[in-house]
Amino acid sequence: MFCNACGNQATGNYCGNCGNAMVVEIVDLDTDVRYERLIQQPEVRARISSHAALAPKSIDPVKFLKGCDKLLGLMGEVGVCSLAAKAVPFWSRLGFNTENARKELLPFPAGRMIVNALCSLAERGLELKEVHQGEDGCVLEATIPGNFWTWNGDLNLSIRQHARGTEIEAAAKIHGQLIDWGRSRRLLDDLFADLNQLSQAS
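These figures come from a predicted structure and were not determined experimentally.

### Some words on the overall build of the chain
Broken down by element type, the chain carries 6 helices and 5 strands. Taking contacts inside the chain between residues at least 6 apart in sequence as the whole, the part at least 24 apart equals 56%.

Right, dumping it as structure tokens:
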């Protein structure tokens, strides 16, 4: 959380920078669209943690290939993981990427949608890497973990207030592949299903 007095990031009951007592500002979880304030709420943190505990453990292709490298190293060959680490960015720069996008207007308040989006990302095992704050919402950037079928990718999720609810725009991109076997599409399907289900329940 951030200190109300000096603005420094702090943990515990007192700010390590100025010594001010740390007080969590209570906000309306439905209407407040400021990520910084939402994420400091104990209720929000508890919800995200409970969803993160449900995240599946997927097969990491880099770790898998590193295991293959051990065998190749005994034969004096170039490791598969080393080749892949060079090939994937190369093919990605050439435009060999798979991307799916989706846009929906959902009849729920934006603050609730931001919290539910964070819960969905946590449960799906997508690591949040950056947040861009706006006046009417925010953009969440997350990393799509690799599995046996695809390499890593990126998910950009825009959540904005709208007169009739919340406008959601999402784009999922898998790097270095022309075919992702439907993974980016399924990921967006799961994300929007989560948003609808969690928002109706909360």
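What follows picks up the thread again.
### Here's the deal with the nonpolar core
With 37 residues, the main nonpolar core has Leu-140, Leu-155, Leu-157, Ile-159 and Ile-168 as its most contacted residues. For this core, the secondary-structure elements that each account for two or more residues are α1 (35-38), α2 (42-52), α5 (110-123), β3 (137-144), β4 (153-162), β5 (165-174) and α6 (183-201). Looking at this core, the element that brings in the most residues is α5, giving 9 residues. Once you skip the residues sitting within four places of it in the chain, Leu-140 turns out to touch Ala-117, Leu-118, Leu-121, Leu-128, Glu-130, Val-131, Leu-155, Asn-156, Leu-157 and Ile-159.

### Considerations on a nonpolar patch on the surface
A cluster of nonpolar side chains, namely Phe-148, Trp-149, Leu-178, Ile-179 and Trp-181, defines an oily patch on the protein surface of about 640 Å² accessible area. Checked against the element boundaries, Ile-179 lands in the loop between β5 and α6.

### Description of the packing of α2 against α5
Two measures define how a pair of helices packs: the angle their axes make with one another and the distance between the axes. Taken N-terminus to C-terminus, the directions of α2 and α5 make an angle of 25°; their axes are 7 Å apart at the nearest point. The orientation of α2 with respect to α5, classified from their angle, is roughly parallel. Where α2 crosses over α5, the two elements pack in a sense that is right-handed. The residues of α5 that touch α2, namely those facing Val-44, Arg-47, Ile-48, His-51 and Ala-52, are Val-115, Asn-116, Leu-118, Cys-119, Ala-122 and Glu-123. Within the contact of α2 with α5, the residues separate by chemical class into 7 nonpolar, 2 polar and 2 charged.

### Comments concerning the layout of surface pockets
The volume enclosed by the largest pocket comes to roughly 330 Å³. Lining the largest pocket are 17 residues, and of these Arg-124, Asn-147, Arg-183, Leu-187 and Asp-190 lie nearest its centre. When grouped by side-chain class, the residues that make up the lining of the largest pocket number 7 nonpolar, 4 polar and 6 charged.

### Here's the deal with the sheet that holds β4
Spatially, the 5 strands line up as an open sheet ordered β1-β5-β4-β3-β2, and their pairing is antiparallel. With one partner strand each, in any of the chains shown, β1 (98-106) and β2 (127-133) form the two edges of the open sheet. Each strand of the sheet is rotated relative to its neighbour by a mean of 15°, with strand direction disregarded. Strand direction decides the pairing type here: β3 and β4, joined by 8 bridges, are antiparallel. From the neighbouring strand, Thr-143 faces β4, where its bridge partner is Asp-154.

### Quick word on the pattern of salt bridges
Note that side chains of opposite charge can pair when their charged atoms are close. One pass over the structure, following the stated rule, counts 11 salt bridges. Note that Arg-102 is salt-bridged to Glu-104, the shortest N-O span being 2.6 Å. For Arg-102, a relative accessible area of 28% puts it in the partly exposed group. The class of Glu-104 is partly exposed, set by a relative accessible area of 22%. Between Arg-160 and Asp-136 there is a salt bridge whose closest N-O contact spans 3.2 Å. Taken together, the residues Arg-160 in strand β4 and Asp-136 in the loop between β2 and β3 connect sequence positions 24 residues apart. When salt bridges that share partners are traced, they join Arg-102, Glu-104, Arg-185 and Asp-189 into one network.

### Things to note about empty space enclosed by the protein
With the rule as written, the count across this model stands at 1 cavity of 30 Å³ or more. Within this model, the largest cavity holds a volume of roughly 30 Å³. What lines the largest cavity is Ser-120, Leu-121, Arg-124, Leu-126, Leu-187, Asp-190 and Leu-191. Going through the elements one at a time, α5 and α6 are the ones with two or more residues in the lining of the largest cavity. The biggest single contributor to the lining of the largest cavity is α6, with 3 residues. Its residues placed into classes, the lining of the largest cavity shows 4 nonpolar, 1 polar and 2 charged.

Definitions and cut-offs
Residues numbered from 1 in each chain as written. Predicted model: local features only at pLDDT ≥ 70, side-chain atom pairs only at ≥ 80, totals over all residues. Heavy atoms only, no water. Helix = DSSP H or I, 4+ residues; strand = E, 2+ residues; numbered from the N terminus. Contact = heavy atoms within 4.5 Å. Core = buried A, V, L, I, M, F, W, Y, C linked by side-chain atoms within 4.5 Å. Buried < 20%, exposed > 50% of the residue type's maximum accessible area, 1.4 Å probe, protein only. Patch = residues over 30% accessible without salt bridge, like charges linked within 9 Å, V, L, I, M, F, W, Y side chains within 5 Å. Areas by Shrake-Rupley, 256 points an atom, 1.4 Å probe, with all protein chains shown as cover. Salt bridge = Lys/Arg side-chain N within 4 Å of Asp/Glu carboxyl O. Axes fitted to C-alpha atoms, helices over the stretch in contact; angles between N-to-C directions. Parallel < 35°, antiparallel > 145°, perpendicular 65-115°, else oblique. Left-handed = near helix turned anticlockwise from the far one by under 90°. Nonpolar A, V, L, I, M, F, W, Y, C, P; charged D, E, K, R; others polar. 1 Å grid on protein atoms, 1.4 Å probe; cavity = no way out; pocket = protein on both sides within 12 Å on 5 of 7 lines; lining within 4 Å. Points joined across faces, edges and corners; volume = space filled by probe spheres on them. Pairing = 2+ DSSP bridges.

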